[in-house]
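A closer look at the structure
What follows is the residue order along each chain.
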Amino acid sequence: MLKTTLLLLLLSACLSTVSGQPKEHRDSLIRAARNEAKNFRLDDIIWKKYRRQPPYTSDYFKPRENNVKNTTLLSDSVFVMAYRKAAFKRNRHRRTAGHYVLVGLGTAAGLFVAGLVAIVIMVGPTMN
């Protein structure tokens, strides 16, 4: 009985080391990677070269020593993969300055037309 208990304990210890990091530690690494990736910005030349959609697996999204506060995390594969995903996601939705100008002009034109319609509706019944 004692031998089987010891064998089970040894087996569970081996399985826990094989399965990797505990879930809480993994989650904290993923959170840290997402926070670090908030400051990441892909160079405009590279962004335009790939037509604003560089490949996810490219080395452009790898965390570098100058992008990360805690450089010891660079050797952790969970942190690196989470950083790459977050950096890619952040840069996938980037827009150019012209996009924001067009959206602003469209909004201003829509408000102007809505204002004119409101004025016509208010003044219309009194014009006989």
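Quick note: structure is the one above.
An account of the accompanying structure is given in this report. Each chain has its residues counted from 1, running along the sequence as written. Since the coordinates come from a predicted model, pLDDT governs what is reported: local features require at least 70, and pairs of side-chain atoms require 80 or more to be given and counted, while whole-chain, interface and lining totals use all residues. Water and hydrogen atoms play no part in the side-chain values, which are based on all heavy atoms of the structure.

1. Comments concerning a nonpolar patch on the surface
Spelled out, the test is: Here a patch means residues that are over 30% exposed by relative accessible area and free of salt bridges, tied together within 9 Å if like-charged and within 5 Å if nonpolar (Val, Leu, Ile, Met, Phe, Trp, Tyr). Here the accessible surface of atoms and residues is derived via Shrake-Rupley with a 1.4 Å probe, and residues count as covered only by protein chains that are part of the display. Should a side-chain nitrogen of Lys or Arg be within 4 Å of a carboxyl oxygen of Asp or Glu, the pair is scored as a salt bridge. Secondary structure elements are taken from DSSP: a helix is a run of H or I of four residues or more, a strand is a run of E of two residues or more, and numbering for both begins at the N terminus.
Nonpolar side chains collect at one region of the surface, where Phe112, Val113, Leu116, Val117, Ile119, Ile121, Met122, Val123 and Met127 lie side by side and expose about 930 Å² of accessible area between them. Topologically, leucine 116 is positioned in helix H5 (residues 97–123).

2. Remarks on the packing of aromatic side chains
Rules: Between the rings of Phe, Tyr and Trp (Trp by its six-membered ring), a pair exists once the centres lie within 6.5 Å; its type follows the angle of the planes, with under 30 degrees stacked, over 60 edge-to-face, and the other angles tilted. Exposure categories follow from relative accessible area, calculated using a 1.4 Å probe and restricted to protein chains: below 20% of the type maximum is buried, above 50% is exposed, and the middle band is partly exposed.
The final tally for this structure, using the stated rule, is two aromatic pairs. Here phenylalanine 40 and tyrosine 83 contribute two aromatic rings whose centre-to-centre distance is 6.1 Å and whose plane-to-plane angle is 75°, an arrangement assigned as edge-to-face. Here phenylalanine 40, found in the loop between helix H2 (23–37) and helix H3 (44–49), pairs with tyrosine 83, found in helix H4 (residues 77–92); they are 43 residues apart in sequence, far enough to count as distant. Across the pair, exposure class does not vary: phenylalanine 40 and tyrosine 83 are buried alike. Members of the aromatic cluster, joined through ring pairs, are Phe40, Phe79 and Tyr83.

3. Points about H2
The condition that has to hold: A helix is expected to reach a length of 1.5 Å times the quantity of its residues less one. The arc in question is the one traced by the directions running from the helix axis out to the C-beta atoms. Every residue pair with non-hydrogen atoms within 4.5 Å of one another is taken to be in contact.
For H2, built from 15 residues, the straight-helix expectation of 21 Å at 1.5 Å per residue is met to within 8% by its first-to-last C-alpha distance of 21 Å. Listed as buried for H2 are Leu29, Ile30, Ala33, Glu36 and Ala37. Along the long axis of H2, the arc covered by the buried residues comes to 125°, so they all point the same way. In H2, the exposed positions angled more than 90 degrees off the buried face are occupied by Glu24, Arg31 and Arg34. At its buried positions, H2 is contacted by H4.

4. Quick word on the side chain of glutamate 36
Summarising the element assignment, glutamate 36 is placed in helix H2. Those residues in contact with glutamate 36, other than ones at most four positions away along the chain, are Asn67, Val68, Lys69, Phe79 and Tyr83.

5. Considerations on the nonpolar core
The line we're drawing: We define the nonpolar core as a collection of buried residues of types Ala, Val, Leu, Ile, Met, Phe, Trp, Tyr and Cys that are connected through side-chain atoms lying within 4.5 Å of one another.
The biggest cluster of nonpolar side chains holds 18 residues, and the ones touching the most others in it are Phe40, Leu42, Phe61, Phe79, Tyr83 and Ala87. With seven residues, the top contributor of residues to this core is H4.

6. Thoughts on a positive patch on the surface
Counted only if it meets this: The charge count treats Lys and Arg as positive and Asp and Glu as negative. His and the chain ends do not count. Every charge is mapped onto a representative atom, which is NZ of Lys, CZ of Arg, CG of Asp or CD of Glu.
Together, Lys23, Arg26, Arg34, Lys85, Lys89 and Arg92 make up a region of like positive charge exposed at the surface. Counting residues per element, the ones that place at least two in the positive patch are H2 and H4. Relative to the assigned elements, lysine 89 resides in helix H4.

7. Things to note about the environment of valine 78
Residue placement: valine 78 occurs in helix H4. Accessibility expressed as a relative area gives 18% for valine 78, which makes it buried. Spatially, the C-alpha atoms of valine 78 and arginine 26 are 7.0 Å apart, while their sequence positions differ by 52 residues.

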